[in-house]
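Single-letter residue listing:
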Amino acid sequence: MTRHPHIEIADDTMRLSGDMLISDIEGIAGANVPSGTISVIDITQVGRMDTAGAWAVVSLERRIGGGGSKPMVTGASQAQAGLLATLREHMPQDAAVPSHKISVADRLEAFGRATTRAAHTAIAMTGFLGQVVATMFGLILHPKRIRWIAIVHHMQQVGLNAVPIVSLMAFLIGVVLAFQGAAQLRQFGAEVFVVDLIAISILRELGVLLTAIIVAGRSGSAFTAAIGAMKMREEIDAMKTLGVDPITVLVVPRVLALILMLPVLGLIANVSGLIGGAIMSWIELGVSPSVFKARFVSDTDVWHFGVGMIKAPFFALIIGIVGCYEGMQVKGDTESLGELTSVSVVLSIFLVIAADALFSIFFEIVGV
Amino acid sequence: MTMGDPIISVRGLVTRFGTHTVHDGLDLDVRRGEIIGIVGGSGTGKSVLLRAVVGLLKPAAGEIRVFGESVRDTPELQYRQLRKRWGVMFQGGALFSSLNVQQNVEAPMREQLDLSPQTRAALAAIKVRMVGLPENALGQMPSELSGGMRKRAGFARAIALDPEIVFLDEPTAGLDPIGAAAFDILIAQLRAALGLTVFFVTHDLDSLHAICDRIAVLAEGRVLATGTMAEMQQIDHPWVQAYFKGPRARAALVQKRTA
Ligand SMILES: Nc1ncnc2c1ncn2[C@@H]1O[C@H](COP(=O)(O)OP(=O)(O)OP(=O)(O)O)[C@@H](O)[C@H]1O
Ligand SMILES: [Mg+2]
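Notes on the structure in this doc start here.

What counts and how
- Residues numbered from 1 in each chain as written.
- Chains lettered and ligands numbered in written order.
- Predicted model: local features only at pLDDT ≥ 70, side-chain atom pairs only at ≥ 80, totals over all residues.
- Heavy atoms only, no water.
- Phe/Tyr/Trp six-rings, centres within 6.5 Å; stacked < 30°, edge-to-face > 60°.
- Helix = DSSP H or I, 4+ residues; strand = E, 2+ residues; numbered from the N terminus.
- Lys NZ or Arg CZ within 6 Å of the ring centre and 35° of its normal.
- Near = heavy atom within 4 Å.
- Polar contact = N/O pair within 3.5 Å; in protein donor to acceptor, adjacent residues only side chain to side chain.
- Areas by Shrake-Rupley, 256 points an atom, 1.4 Å probe, with all protein chains shown as cover.
- Nonpolar A, V, L, I, M, F, W, Y, C, P; charged D, E, K, R; others polar.
- Core = buried A, V, L, I, M, F, W, Y, C linked by side-chain atoms within 4.5 Å.
- Buried < 20%, exposed > 50% of the residue type's maximum accessible area, 1.4 Å probe, protein only.
- Contact = heavy atoms within 4.5 Å.
- Buried area = accessible area lost by both parts, 1.4 Å probe.
- Salt bridge = Lys/Arg side-chain N within 4 Å of Asp/Glu carboxyl O.
- Pairing = 2+ DSSP bridges.
- Axes fitted to C-alpha atoms, helices over the stretch in contact; angles between N-to-C directions.

### Quick notes on the packing of aromatic side chains
Consideration 1: Inspection of every chain in the model, using the stated rule, returns 10 aromatic pairs over all chains.
Consideration 2: Ring geometry for A:Phe315 versus A:Phe359: centroids 6.5 Å apart, planes at 75°, classification edge-to-face. Here A:Phe315, found in helix H11 (residues 302–328), pairs with A:Phe359, found in helix H12 (residues 334–366); they are 44 residues apart in sequence, far enough to count as distant.
Consideration 3: Ring geometry for B:Phe155 against B:Phe183: centres 4.9 Å apart, planes inclined by 40°, an arrangement best described as tilted. With B:Phe155 in helix H5 (residues 147–158) and B:Phe183 in helix H6 (residues 177–194), this residue pair connects regions lying 28 residues apart in the sequence.
Consideration 4: Positioned over the ring face of B:Phe96 is B:Arg157, at 4.5 Å from the centre of the ring.

As structure tokens, this is what we get:
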């Protein structure tokens, strides 16, 4: 059974008793001691003592000693004496932990640092993009080095496996557009324009944009996590020492697979969005599929489709580059892996939407 | 449980991964206060034995008692009480990579005890210095440490609560010879001061010579032999002979004699 530790002061002697164990040592180490009068610490009565107990004794000894002569510790068993000696050797002199407040200047500094860091990231990411593109051109000259198996594997991962979720999402978007459009257009008796509404918004914007967002969440994060985990386990360093270029092996297949598959996914999204819209128009407005088709074919400029599709490879490049770049930034700890994975998703979605806005302006100027 | 009883007792332990049997009826006793060296070729199941004893792995059969309590059948609450009384250092160090060294060493104190942050920090600083790390290591992240430093930090975490038993899985592998010798001395010192029992998985013949009271040899899924270093020389088994009488063993022996 353990006995609680206890302090007793008589004349110039401080008498400790009980078990000095880590579980209830704080009272002893922090006890008030009169300064200057005590010259002996007697631990004869102490039962068991662990390192925390020895720490308490040594800190008492130091505090009583202050600047002047240290008190004697008497009555230690051989093991306890050994432990005390170890503690005296290893205990840092000033145990005080410096506390510091966060000032306005600190916050300003943090803001400045964050800004320059963002600028550095932008520069570094552009550099990474250049490196990847250069590697791709290098591979065109040496097609034997292209990792076909890896490309096909990633095409399955990012493309084929995403077909169900992408087509379901687009179908529902088509349904919602038709439903909401119907409510408005019926007021003017302009029901049939629902076809134009659905066709233009899905083909031009929503089909590809929403597909890109889903792919960024699905595959961009997977790229970051996979490459980051390899970075953490020093696999990437191992590749470099074996003369294997991680960009060729890891980044190019992923980016290429995305560039090839995102337009396909976008096409699938367009088709299933139109189907969803057509079904809803039929149910809600009585626009029969044949009318829908006729109006769609006669009224919709093929450029709407073209504008949407042109954007797809660029979105793919953004998602792939951001995902792989963030993966390469992972340091040794698991925390940074999680953090960078979420950064990767947020950043790639943001950049995709920003690029979409730029494309809108561009196509407006070009006039298609 | 009386003083004479073994602090760890393993009876008829069988562990399997799929069809691969690692231990097949393994028996082992560890006495209170001793440093027992566990040796055996790579893949003979030293780490698996350690994991089974601390309850991380459910054996297929057999009984494991630590402090007289069966590790397998103790309810969760009691297992927690047991767990407080031992510290484990895994082969890879297994530091929490998102915490710095100080927070790693404080982690067991934070989980098991109700100490003020100042006390915790003071105790962590002492433990870190005791294992021979410089003070500035306290604020460093595990990924910024060298392999040997990581081992030391892992050991500091294992002894954070002054446990009764420490399980060490190859703590000196990957350390420089001076560091390894200092580690041995440290273990011996702490044993003397704290009355530790040490379950010491190692390949280091110097450590075996220097600090182990007894040695248990694992081979063929069981403990082939236990005994002192001198007794190991007498065992008539090819692996044991090769291990304890090979050129490295002789060098370690000579070194010890001249020391
Ligand atoms: N999680 C696991 N799943 C499947 N097999 C395992 C697992 N862990 C260990 N093993 C197998 O159990 C056997 C013993 O492994 P263990 O890690 O205990 O070896 P060891 O004696 O510690 O070797 P070393 O000296 O190299 O550390 C090995 O054959 C290993 O393949
Ligand atoms: Mg092992």
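### What about the site of ligand 1?
Residue and element names in this part refer to chain B.
Consideration 1: Taken together, 14 residues lie around ligand 1, and Ser42, Lys46, Ser47, Val48 and Gln91 are the ones closest in.
Consideration 2: The separation between an oxygen atom of ligand 1 and a polar side-chain atom of serine 42 is 2.8 Å.
Consideration 3: Separating an oxygen atom of ligand 1 from a side-chain N or O atom of glutamate 170 is a distance of 3.2 Å.
Consideration 4: Taken by itself ligand 1 offers 630 Å² of open surface, and the protein chains cover 60% of this.
Consideration 5: Broken down by secondary-structure element, the contributors of at least two residues to the shell around ligand 1 are strand S2 (20–30) and helix H1 (46–53).
Consideration 6: By residue number, the principal contributor to the shell around ligand 1 is H1, which donates three residues.
Consideration 7: Residues that form the shell around ligand 1 fall into these classes: three nonpolar, nine polar and two charged.

### Some details on the nonpolar core
Consideration 1: In this structure, A:Trp55, B:Phe155 and B:Phe244 are the most contacted members of the largest nonpolar core, which totals 80 residues.
Consideration 2: At eight residues, the largest contribution of residues to this core is made by helix H2 (residues 51–65) of chain A.
Consideration 3: For B:Phe155, the residues in contact, after removing those within four places along its chain, are B:Met89, B:Val131, B:Leu168, B:Phe183, B:Leu186, B:Ile187 and B:Leu190.
Consideration 4: A:Leu209, A:Val249, A:Leu265 and A:Ala312 belong to the second-largest nonpolar core, a separate cluster that totals 49 residues.

### Considering unusual backbone geometry
All names here are of chain B.
Consideration 1: Of note in the backbone geometry, phenylalanine 67 takes a positive phi value of approximately 55° without being a glycine.
Consideration 2: Phi angles above zero are rare outside glycine, and glutamate 220 is one such case at about 55°.
Consideration 3: On the secondary structure map, glutamate 220 appears in the loop between strand S9 (214–219) and strand S10 (222–227).

### Considering the interface of chain A and chain B
Consideration 1: Each side of the interface is counted separately: chain A has 20 residues, and chain B has 24 residues.
Consideration 2: Interface of chain A and chain B: buried area, both sides summed, is about 2000 Å²; carbon and sulfur atoms make up 66% of it.
Consideration 3: Looking at the side of chain A facing chain B, the largest losses of area belong to A:Ile22, A:Glu26 and A:His90, adding up to 30% of the total buried there.
Consideration 4: The interface formed by chain A and chain B holds zero salt bridges in total.
Consideration 5: Linking chain A with chain B are two residue pairs in polar contact (both at pLDDT 80 or more), by the criterion used here.
Consideration 6: Breaking the side of chain A that touches chain B down by element, the ones donating at least two residues are H2, helix H3 (78–90) and H12 of chain A.
Consideration 7: Of all the elements, H3(A) adds the most residues to the side of chain A that touches chain B, at six residues.

### A short note on the sheet that holds S9(B)
All names here are of chain B.
Consideration 1: Taken in spatial order, the six strands of this open sheet run S6-S7-S8-S3-S9-S10, and their pairing is mixed. Whereas interior strands pair on both sides, the edge strands pair on one side only; in this sheet they are strand S6 (86–89) and S10. Between one strand axis and the next, the sheet turns by 15° as a mean value, whatever way the strands run.
Consideration 2: Relative to strand S8 (residues 197–201), strand S3 (residues 35–39) runs parallel, the two sharing four bridges.

### Digging into the sheet that holds strand S2 (residues 13–20) of chain A
Residues and elements named next belong to chain A.
Consideration 1: As summarised here, the arrangement of the four strands in space is S1-S2-S3-S4, forming an open sheet in which the pairing is mixed. Strands at the two margins of the open sheet, each flanked by one partner only, are strand S1 (6–10) and strand S4 (72–74). Ignoring strand direction, the axes of neighbouring strands in this sheet form an average angle of 20°.
Consideration 2: Strands in contact with H3 are strand S3 (40–49) and S4; relative to S3, the strand with the most contacts, it is inclined by about 110°.

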